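What follows is each chain in one-letter form.
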Amino acid sequence: MKYPQPPVVVSLDEILPEEPLLMMGAGPVPIPHKVATANSLVINHLGDTMNRVVEQVKTMSRYVFQTRSSHVMGVAGPASAAMEMAICNLVEPGARVLSICNGLFSRRLAEMARRVGGEVTILEVPEKQTAKPEAVEALLKNGRFNVLTVVQGETSNTVWNRDLVEICRLGKTYGCLNIVDAVCTLSTMDMEMDEWCVDATITGGQKGLSSIPGVSLIAFSEESWPHITGRNAPMAHWCLDARLADQFWNKKSYHYTAPVSGILALHEALRLICDETLPARFRRHAICSAALQSGIEGMGLDLLIPAEARLNSVVGITVPDGVSADRVRHVMSEVHKVEISGAFGLNILRIGQMGEQSRTHNLFRTLHALGSSMRAAGAKVDLPAGMAEMEKILTADGFWG
Ligand SMILES: Cc1ncc(COP(=O)(O)O)c(C=O)c1O
């Protein structure tokens, strides 16, 4: 037998930067040391030790999702897999789905619903605006919809659906199961799953939770569960079948080999959130994001989204005419070792305020790097004025998080 020659490759040391970049983009975000350590462990995916970990992950997730539902589960996969799990379990072929679309990720939910055979109606929200309950109700009234999909924060263009509560309550009034993408918002701002009548809430690990990408969380409401167990149509997705996932998450038995390291990482991320408490965490995010926004405006740059529809967890910046967003990002990462995000085809920049990103030391480093790199790319900015504006907010009310 003649075996092929093994490929010649370099070690990771030669690929990764010598000094890690500070990740201040739209996710993944920096992870705390305890999360990184937990992620380096492998344990048996079944048995007493894992069962204890799983029980705690569910208990802490219920706190973070603000639900009493017993149907909280982890998903081995990106947040998109959790989105797909919500859709394929709650949307049967022929079901009528109202998808509220503000941008890329909310449109992804609509596309997933279409692919499983849902009859999808899209409510296109005008650019830079929050979805209006009146517009949602106008469609719900005549549509006999079974499922409503909506995003709390549209990371792609930094729009916040601030009337989510009202929209979900309307969805419920008109007989819908509500699916909410809280991928970039969970644990950065209020999201009360039970109170707000949400039937499936989705989040990824790599954003507000400050865990790793690729292991996600989903919570189904008690009310949605009979729809899942009693569905008539066969389920095309074996891995994402919530009834099978329930075997692992609630019955201590095998579905597939769970991503144990990622679940341990999630455990630690959730534990840190519980230690901090939700109100303190929401306050930290609100203040840090306000400080960043104020600093950006203070140096003479414009924010992309008007205040009433602006997302806190990811801040969009309009890049001045004649300045290249790519050039700014390049200088930021090469010179200042700070990484921020561009956007899907738009000449804008996005800075994340999720989890560990919302720390004062990270803010100062990022704002300085942004101002300095804007200058290098040809923009006129008043960097000291921006830093002063930011400091003003961070030092008010004794906050220095
Ligand atoms: C709001 C929102 N939904 C869904 C996703 C998809 O997450 P993932 O890339 O982990 O599949 C993202 C990722 O940026 C997001 O921001």
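First, a word on scope: everything that follows refers to the structure included in this document.

1. Things to note about the sheet that holds strand β11 (residues 302–303)
Read across the sheet, 3 strands follow the order β11-β12-β14 without closing on themselves; strand pairing throughout is antiparallel. This sheet does not close on itself; its edge strands, each paired only once, are β11 and β14 (348–352). With 2 bridges connecting them, β11 and strand β12 (residues 314–318) associate as antiparallel partners. For D302, the partnering residue across the bridge sits in β12 and is T318. Sheet strands touched by helix α11 (residues 278–298): β11, β12 and β14. Its angle to β12, the strand with the most contacts, is close to 10 degrees.

2. Describing the pattern of salt bridges
A full pass over the atoms with the stated rule returns 17 salt bridges. E111 is the salt-bridge partner of R114, the closest N and O atoms lying 2.9 Å from each other. Residue R114 and its partner E111 are located together in helix α5 (residues 104–115), separated by 3 residues, close to a single helical turn. A relative accessible area of 27% means that E111 is categorised as partly exposed. Members of the salt-bridge network, linked through shared partners, are E111, R114 and R115.

3. As for the nonpolar core
Counting residues in hydrophobic clusters, the biggest one holds 81 residues, and the most contacted among them are M85, I100, L148, M191, F220 and I263. Here the element with the most residues in this core is helix α4 (residues 79–90); it accounts for 9 residues. Leave out the neighbours within four places in its chain, and F220 touches S69, H71, M85, A86, N89, L90, M193, D199, A200, W225, I228 and A242. Core analysis: the second largest hydrophobic core is formed by 34 residues, L349, A377, L383 and F399 among them.

4. Things to note about the site of the ligand
Not every one of the 13 residues close to the ligand is listed here, only the nearest: S80, T155, D181, Q206 and K207. One of the side-chain N or O atoms of Q206 is found 2.9 Å from an oxygen atom in the ligand. Here the ligand, which alone exposes 390 Å², has 86% of that area covered by the protein. When residues of the shell around the ligand are traced back to their parent elements, those giving at least two are α4 and α5. When its residues are assigned to classes, the shell around the ligand shows 6 nonpolar, 4 polar and 3 charged.

The rules behind each value
Within each chain, residue numbers correspond to sequence positions counted from 1 in written order. Totals for whole chains, interfaces and linings use every residue, but because this is a predicted model, local features are given only for residues with pLDDT of at least 70 and side-chain atom pairs only at 80 or more, for both listing and counting. Side-chain measures here rest on the full set of heavy atoms in the structure, leaving out hydrogens and waters. In this analysis, strands are considered paired if DSSP registers two or more bridges between them. Under the DSSP-based scheme used, a helix requires at least four consecutive residues in state H or I and a strand at least two consecutive residues in state E, with every element numbered from the N terminus. Whether two residues are in contact is decided by their heavy atoms: any pair within 4.5 Å suffices. To get an axis, a line is fitted to the C-alpha atoms, and for a helix only the part in contact is used. The angle between two axes follows their N-to-C directions and goes from 0 to 180 degrees. The salt bridge criterion pairs a side-chain nitrogen of Lys or Arg with a carboxyl oxygen of Asp or Glu, the two atoms within 4 Å. A simple rule labels every residue: compare its accessible area, found with a 1.4 Å probe on the protein chains alone, to the largest value its type can have, and call it buried under 20%, exposed over 50%, or partly exposed in between. Only buried Ala, Val, Leu, Ile, Met, Phe, Trp, Tyr and Cys residues count toward a nonpolar core, and they belong to the same one when joined by side-chain atoms within 4.5 Å. Here a residue counts as near a molecule or strand whenever at least one of its heavy atoms sits within 4 Å of it. For the purposes of these results, a polar contact is taken to be a pair of N or O atoms within 3.5 Å, where, inside protein, one atom must be able to donate a hydrogen and its partner to accept one; residues adjacent in sequence count only when each atom of the pair is a side-chain atom. Reported accessibility uses the Shrake-Rupley method at a 1.4 Å probe radius. Residues are deemed covered only where the shown protein chains occlude them. Here the nonpolar group is Ala, Val, Leu, Ile, Met, Phe, Trp, Tyr, Cys and Pro; Asp, Glu, Lys and Arg are the charged ones; every other residue, Gly included, is treated as polar.

From the geometry alone we can't say anything about function, so treat these as descriptive.
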